[in-house]
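Listed below, chain by chain, are the residues.
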Amino acid sequence: MFTDAHVWEGTARRLTAAGAQVRAVTLAGPGRPRAGDGPEPDAGAHAEAEADLETHIEEVCAAIDAVTGAPGGTGGRGIVLVGHDYGVHPVLGAADRRAERVARIVCVDAGLPQDGVPPLAAVPDQSVRALPAEEAASGTTAGVLPPPGREEWTQWGSTAGVSEEALDRLTARAAPQPLGTLLRPLRLSGAAAAVPTTGVLCTANGVGIDMVQRLVDLGDPALRALTGPGVTFFELPTGHWPMLSCPEDLAGVLLRAAAGEGHRLTPPGASGTPAHLHPFPLPVPELPRERRGNVDFYFPRPGGTKGIEGAEGAEGAEGVDGPRPAVVFVHGGPVPAGAEPSPRDWPVLAGHARYAAGQGAVGVTVEHRLHDVADYPRAAGDVAAAVDLVRADPRVDGDRIALWFFSGGGPLLADWLAKPPAWLRCLAAAYPVLAPLPNWGMSADSRFHPVRALADAGQAPPPLVLLRVGLESPEIAATVSGFLAAAGEREAEVRVVDVPHGHHGGGPGDPEEEWRGAVREAVRAVLDRLDA
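Residues numbered from 1 in each chain as written. Predicted model: local features only at pLDDT ≥ 70, side-chain atom pairs only at ≥ 80, totals over all residues. Heavy atoms only, no water.

## Structural notes on helix 6 (residues 164–173)
In an α-helix, one turn spans 3.6 residues; hence positions three or four apart end up facing the same way.
Part 1: Taken together, the buried positions of helix 6 are occupied by Ala166, Leu167 and Leu170. Buried residues in helix 6, looked at end-on, bunch into an arc of 100°, giving them a common side. The exposed residues of helix 6 that point more than 90 degrees off its buried face are Glu164, Glu165 and Ala172.
Part 2: Buried residues along helix 6 sit in contact with helix 9 (242–245). (Buried < 20%, exposed > 50% of the residue type's maximum accessible area, 1.4 Å probe, protein only. Helix = DSSP H or I, 4+ residues; strand = E, 2+ residues; numbered from the N terminus. Arc of directions from axis to C-beta. Contact = heavy atoms within 4.5 Å.)

## Remarks on helix 11 (residues 347–358)
Part 1: Along its 12 residues, helix 11 runs 15 Å from first to last C-alpha, staying within 8% of the 16 Å computed at 1.5 Å per residue.
Part 2: The element helix 11 is largely enclosed, with a buried count of 10 among its 12 residues.
Part 3: Val348, Leu349, Ala350, Gly351, His352, Ala353, Tyr355, Ala356, Ala357 and Gly358 are the residues of helix 11 that are buried.
Part 4: Of the surrounding elements, those touching the buried residues of helix 11 are strand 8 (295–298), strand 9 (324–330), strand 10 (362–366), strand 11 (396–406) and helix 16 (512–530).
Part 5: Of the residues trailing helix 11, Gly360 is marked for its positive phi of about 105°. (Expected span 1.5 Å × (residues − 1).)

## Remarks on the sheet that holds strand 2 (residues 102–108)
Strands pair in a sheet through their backbones, by hydrogen bonds, and they do so in one of two ways: parallel or antiparallel.
Part 1: Pairing within the open sheet is parallel, and its 4 strands lie in the order 1-2-5-6. Either end of the sheet is taken by a strand with one partner, and the two such strands are strand 1 (79–84) and strand 6 (231–236). Sheet twist, expressed as the mean angle between neighbouring strand axes with direction ignored, is 20°.
Part 2: On top of the sheet, helix 2 (residues 53–68) reaches strand 1 and strand 2; it is set at about 155° to strand 1, its chief contact.
Part 3: Strand contacts of helix 10 (residues 247–258): strand 1, strand 2, strand 5 (197–202) and strand 6, with the helix running at about 165° to strand 6, the strand carrying the most contacts. (Pairing = 2+ DSSP bridges. Axes fitted to C-alpha atoms, helices over the stretch in contact; angles between N-to-C directions.)

## Section: the environment of Val366
Part 1: Looking at where Val366 falls in the secondary structure, it is placed in strand 10.
Part 2: For Val366, a relative accessible area of 0% puts it in the buried group.
Part 3: Along the chain, Val366 and Asp382 lie 16 residues apart, while their C-alpha atoms are 8.2 Å from each other.
Part 4: Residues contacting Val366, with those up to four places away along its chain left out, are Asn294, Val328, Phe329, His331, Leu349, Asp382, Val383 and Ala386.

## As for empty space enclosed by the protein
Part 1: Scanning the entire structure with this criterion turns up 2 cavities of 30 Å³ or more.
Part 2: Its boundaries defined by the atoms lining it, the second largest cavity holds a volume of some 50 Å³.
Part 3: For the second largest cavity, the full set of lining residues is Leu413, Leu427, Ala428, Ala429, Leu434, Leu464, Val465, Leu466 and Phe483.
Part 4: For the lining of the second largest cavity, the secondary-structure elements that each account for two or more residues are strand 12 (424–430) and strand 13 (464–471).
Part 5: Grouping the constituent residues of the lining of the second largest cavity by class yields 9 nonpolar, no polar and no charged. (1 Å grid on protein atoms, 1.4 Å probe; cavity = no way out; pocket = protein on both sides within 12 Å on 5 of 7 lines; lining within 4 Å. Points joined across faces, edges and corners; volume = space filled by probe spheres on them. Nonpolar A, V, L, I, M, F, W, Y, C, P; charged D, E, K, R; others polar.)

## Some remarks on the layout of surface pockets
Part 1: Reported here for the second largest pocket is a volume of approximately 1100 Å³.
Part 2: Arg23, Ala24, Val80, Leu81 and Val82 are the residues nearest the centre of the second largest pocket, which is lined by 46 residues in total.
Part 3: Those elements that place two or more of their residues in the lining of the second largest pocket are helix 1 (9–17), helix 2, strand 1, helix 3 (88–97) and helix 10.
Part 4: Taken together, the residues of the lining of the second largest pocket break down into 30 nonpolar, 11 polar and 5 charged.

## A closer look at the pairing of strand 11
Part 1: When you tally the buried positions in strand 11, you get 10 out of 11 residues, the bulk of the element.
Part 2: When strand 9 meets strand 11, the two strands line up parallel, connected through 6 bridges. Note on strand 11: the bridge partner recorded for Val328 is Leu403.
Part 3: Pairing analysis gives 6 bridges linking strand 11 to strand 12, with the strands arranged parallel. Its bridge partner being in strand 12, Phe406 is matched across the sheet by Ala430.

Set out below in structure tokens:
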């Protein structure tokens, strides 16, 4: 979006030097020079704002035809179509119409769009996604989206690795994007599904191969195609514009992709138990589950423990029945809608709740509707309503509540840090994301930013317990470091529990003893604060 063929110049030079023929296509839009036969665009005609996705698909088809001949012929060449960001939409559309002449599709830091879905759904900037629904529904495509200012590019992706000079040029050359290119749905016949595909993931923008494998393991049917034999992946340790930050590395990856190289994902369960279904590391009592809507309760056995103290599994000990404090466990995400098993049935979530109940607290799990990064407001509402339900239960001491967030549920901490209620005795987080990742497209003043919420809160936060893994991805680890720095400045009480050799979410390859000790210590720290 907003760019022309100039962004490919460095990569194109390196590909040409390696013997490849390169054609960089400038897609129609106001103020954009039309594409020529090489990486440098021709100056001249300018398209109107009415250009839409169909216009761009036709332009990519024309570029294919110029190399291979008229439709129906191959011209003896195999075309590798490379689409970056929005560009993957016209690339897929063109591949669908010229499938017999396309050797491979390469998606550079972009998702794999689905039939019938407009490009607007893939735009990371949440404010842009909020374009009037009636405008999209009515098919109105007139008008343009203004290009970002120099300091606004980060709302469209990480600028890590892009030099100041390149960023200046990107801004100077940016042109408005016709709204029709975002609002018109992509239509696919299915022919493109047979074309081999490569994804190039820019890890500084927030997504790597391991994260994609985890999403596949969650069972989203739309992602199952990523495990096909013709699908490969590469990573580049850079931001969202690798053609500007590391053109030589990108050129090397494109040549390897053209040769069919790359990492291949495995179907769910094919390489062992997925991380989210790995057994809970500690023994837990077999307690009945009481389900109410999206909330599951696990109550301690009557007389099982005294207060919330005592040894693990102290069943049958003399104790005091009555209202008990509660620990509410909130899963991460985004999780595909309809994922099976659903988060409330994941061993890690139910295991934590049963373990807490075995220690004398009420263990509660909440299933929320975080299916996309745009769903944080809805998920926050689900969690708040669930907490109200928990506190209203007569078996729960409503003045002693702890909230525990996992992974991508971390941003939901922000509301509770900004205005912590008196009954919130502790906040906990396990391997959390504590600030929006670059590819989320959230604005700088996003509500779901725990680092800033902690720094700006008008009152002291409740005690915090943070379970941290030593082998976290650099992008998520940076959010944790930022959070701890803000906590230090606020002199907040933070108990950090480390799993030195643990990965995000754990899994079969992680050291079990480290996880057992860390989970036991983290739960005990939370329960101690409930009993304080």
